[in-house]
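Take a look at the letters that make up each chain.
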Amino acid sequence: YQLSHSMFCEIENMEVTEEVIEKSSNTNLSQITITSGSISFQPDVLEYEIQVEHEVETITIAATLEDEKATVEGTGEYKLKVGVNEIKLVVTAEDGTTKEYQLHITREKKEIIKKEEVKETTNSNQIIYLILEISGAIFVDTRNHLFYS
């Protein structure tokens, strides 16, 4: 019985201190790098327009965090379709705060060039038509005249 009383006294005189550790709310990236195209990165700019040639079928995206306690999702290699590709990078701070960076990557259309020469003979005159089809538009050259449709 006396032992219990002694333990109670020690607990009663014990001082409790509480240490508050603030978690970081930094959701900034310090850099975004891409394997094709170009990006002029600024941590507070959240949307980027990027153009790549048609020959670029994949792109790799890497990101560097300002705060090592944060995490980023969305980096890696992406297969690109022709046209606009939307890629999001989501940064989560140590305290759970999030920020989203959006990359709008446009893969150019393939430029199709088709050349065809048509010869036509009428009344001993020979007319040569040069037909060019470039990305769906048709150009017809009849010697010194160019027609576009």
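Before reading on, note that the structure itself is shown above.
From a predicted model like this one, the values you see are computed outputs, not experimental measurements.

Undergrad: Lay out the overall build of the chain in plain terms, naming residues and giving numbers.
TA: Looking only at helices and strands, one finds one helix and 11 strands in the chain. Traced from its N-terminal end to its C-terminal end, the chain shows the element sequence α-β-β-β-β-β-β-β-β-β-β-β. The burial tally for the chain puts 21% of its 149 residues in the buried class. Within the chain, contacts between residues at least 6 apart in sequence are counted, and of these 42% link residues at least 24 apart. With an accessible surface of roughly 11300 Å², the chain has 49% of that area assigned to carbon and sulfur atoms.

Undergrad: Please give an account of the nonpolar core that cites residues and values.
TA: Counting residues in each nonpolar core, the largest one holds 18 residues, and the members touching the most others are Ile32, Ile61, Tyr101, Leu103 and Ile105. Elements with a minimum of two residues in this core: strand E1 (29-34), strand E2 (47-52), strand E3 (58-65), strand E6 (83-92) and strand E7 (98-107). Other than its neighbours up to four places away in sequence, isoleucine 61 contacts Ile32, Thr33, Ile34, Thr75, Gly76, Tyr78, Ile87, Leu89, Leu103 and Ile105.

Undergrad: Let's hear about the side chain of arginine 107: which residues, and what values?
TA: Within the secondary structure, arginine 107 is located in strand E7. Although arginine 107 is buried, it forms no salt bridge, and the closest oppositely charged side chain is glutamate 57 at an N-O distance of 4.3 Å. Polar contacts involving the side chain of arginine 107 include one to the main-chain carbonyl oxygen of valine 56, which spans 3.0 Å. When residues no more than four places from it in sequence are discounted, the contact partners of arginine 107 are Val52, Glu53, His54, Val56, Glu57, Leu80, Lys81, Val82, Gly83 and Asn85.

Analysis parameters
- All residue numbers refer to position in the chain's written sequence, counted from 1.
- Selection of residues for local features in this predicted model requires a pLDDT of at least 70, selection of side-chain atom pairs for listing and counting requires 80 or more, and totals for whole chains, interfaces and linings are taken over all residues.
- In computing side-chain values, all of the structure's heavy atoms are included and hydrogens and water are not.
- Numbering goes from the N terminus for both helices and strands, where a helix is a DSSP run of H or I of at least four residues and a strand is a run of E of at least two.
- Relative accessibility decides the category of a residue: with a 1.4 Å probe and only protein chains considered, values under 20% of the type maximum give buried, values over 50% give exposed, and everything between is partly exposed.
- Contacts are assigned to residue pairs that have any heavy atoms within 4.5 Å of one another.
- Only the protein chains shown count as cover for residues, with accessible areas throughout obtained via the Shrake-Rupley method and a probe of 1.4 Å.
- Here, nonpolar core means buried Ala, Val, Leu, Ile, Met, Phe, Trp, Tyr and Cys residues that are tied together by side-chain atoms lying within 4.5 Å of each other.
- Positive: Lys, Arg. Negative: Asp, Glu. His and the chain ends are not part of the count.
- When a carboxyl oxygen of Asp or Glu lies within 4 Å of a side-chain nitrogen of Lys or Arg, that pair is called a salt bridge.
- Two N or O atoms count as a polar contact when they lie within 3.5 Å, although within protein this holds only if one can serve as hydrogen donor and the other as acceptor, and sequence-adjacent residues are included solely when both atoms are side-chain atoms.

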